[in-house]
Amino acid sequence: MLNVYKIAEGYASDIMEEREHWSEDDLYDIAHEYADDSAHVIYYQAAHEFVQALPFDVKNDAEQNVADCGLINEEITYNQFATLIAYFALQQLILDAVQVKLEEAA
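Residues numbered from 1 in each chain as written. Predicted model: local features only at pLDDT ≥ 70, side-chain atom pairs only at ≥ 80, totals over all residues. Heavy atoms only, no water.

## What to know about the overall build of the protein
Argument step 1. The secondary structure content of the protein amounts to 6 helices and 0 strands.
Argument step 2. Walking the protein from its N terminus toward its C terminus, one meets helices and strands in the order α-α-α-α-α-α.
Argument step 3. Expressed as lengths along the three principal axes of its C-alpha atoms, the size of the protein is roughly 45 × 30 × 25 Å.
Argument step 4. Scored against the burial criterion, the 106 residues of the protein give a buried share of 38%.
Argument step 5. Contacts spanning at least 24 positions in sequence make up 75% of the contacts within the protein whose residues lie at least 6 apart.
Argument step 6. Side-chain charges of the protein comprise 4 positive and 22 negative groups, with the mean position of each set lying 10 Å from the other. (Helix = DSSP H or I, 4+ residues; strand = E, 2+ residues; numbered from the N terminus. Buried < 20%, exposed > 50% of the residue type's maximum accessible area, 1.4 Å probe, protein only. Contact = heavy atoms within 4.5 Å. Lys, Arg positive; Asp, Glu negative; His and termini not counted. Charge placed at Lys NZ, Arg CZ, Asp CG, Glu CD.)

## Some remarks on the side chain of H40
Argument step 1. With respect to the helices and strands, the residue H40 is situated in helix α3 (residues 39–42).
Argument step 2. A relative accessible area of 17% means that H40 is categorised as buried.
Argument step 3. Residues within four places of H40 in sequence aside, it is in contact with L2, I7, Y11, A46, A47, F50 and A86.

## What about the nonpolar core?
Burial of nonpolar side chains together is a common tendency in soluble globular proteins.
Argument step 1. By size, the foremost hydrophobic cluster in this structure holds 34 residues, and its most contacted members are W22, F50, L54, L90, I94 and V98.
Argument step 2. Looking at this core, the elements with two or more residues in it are α1 (4–17), α2 (27–37), α4 (44–53), α5 (56–68) and α6 (78–105).
Argument step 3. Take this core: its biggest share by element is 13 residues, from α6.
Argument step 4. Residues contacting V98, with those up to four places away along its chain left out, are A12, I15, M16, W22 and L27. (Core = buried A, V, L, I, M, F, W, Y, C linked by side-chain atoms within 4.5 Å.)

## Quick look at a negative patch on the surface
Argument step 1. A cluster of acidic residues, E24, D25, D26, D29, E33, D36 and D37, forms a negative patch on the protein surface.
Argument step 2. Relative to the assigned elements, E33 resides in helix α2.
Argument step 3. The class of E33 is partly exposed, set by a relative accessible area of 47%. (Patch = residues over 30% accessible without salt bridge, like charges linked within 9 Å, V, L, I, M, F, W, Y side chains within 5 Å. Areas by Shrake-Rupley, 256 points an atom, 1.4 Å probe, with all protein chains shown as cover. Salt bridge = Lys/Arg side-chain N within 4 Å of Asp/Glu carboxyl O.)

## Points about α4
Argument step 1. The complete set of buried residues in α4 reads A46, A47, F50, V51 and A53. Relative to the axis of α4, the buried residues are bounded by an arc of 160° and lie together on one face. What points out from α4, more than 90 degrees from its buried face, is the exposed set Q45 and Q52.
Argument step 2. For α4, the elements touching its buried residues are α1, α3, α5 and α6. (Arc of directions from axis to C-beta.)

Here is the structure:
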């Protein structure tokens, strides 16, 4: 089974390597870019595996974010829903991992 925290940690490490090129105000946008470009979000099967590996609370928060953005409708497919959950969960996990790294570096 996937370790979603290690995946986010890997992205966070990449982000930290570029720390001189961004400020903390940019973190949300940077996490968005990494999550949006991730194979765990782009490909349906990878998204399903990622969502299946999420802790219950992280998955629920991501589902709520999908709903809050108005992305749930009668036209959304099961596969699309999985990619949206994967995206919101991964973005938050990346933000959390970067925050931990910033605190450790301080």
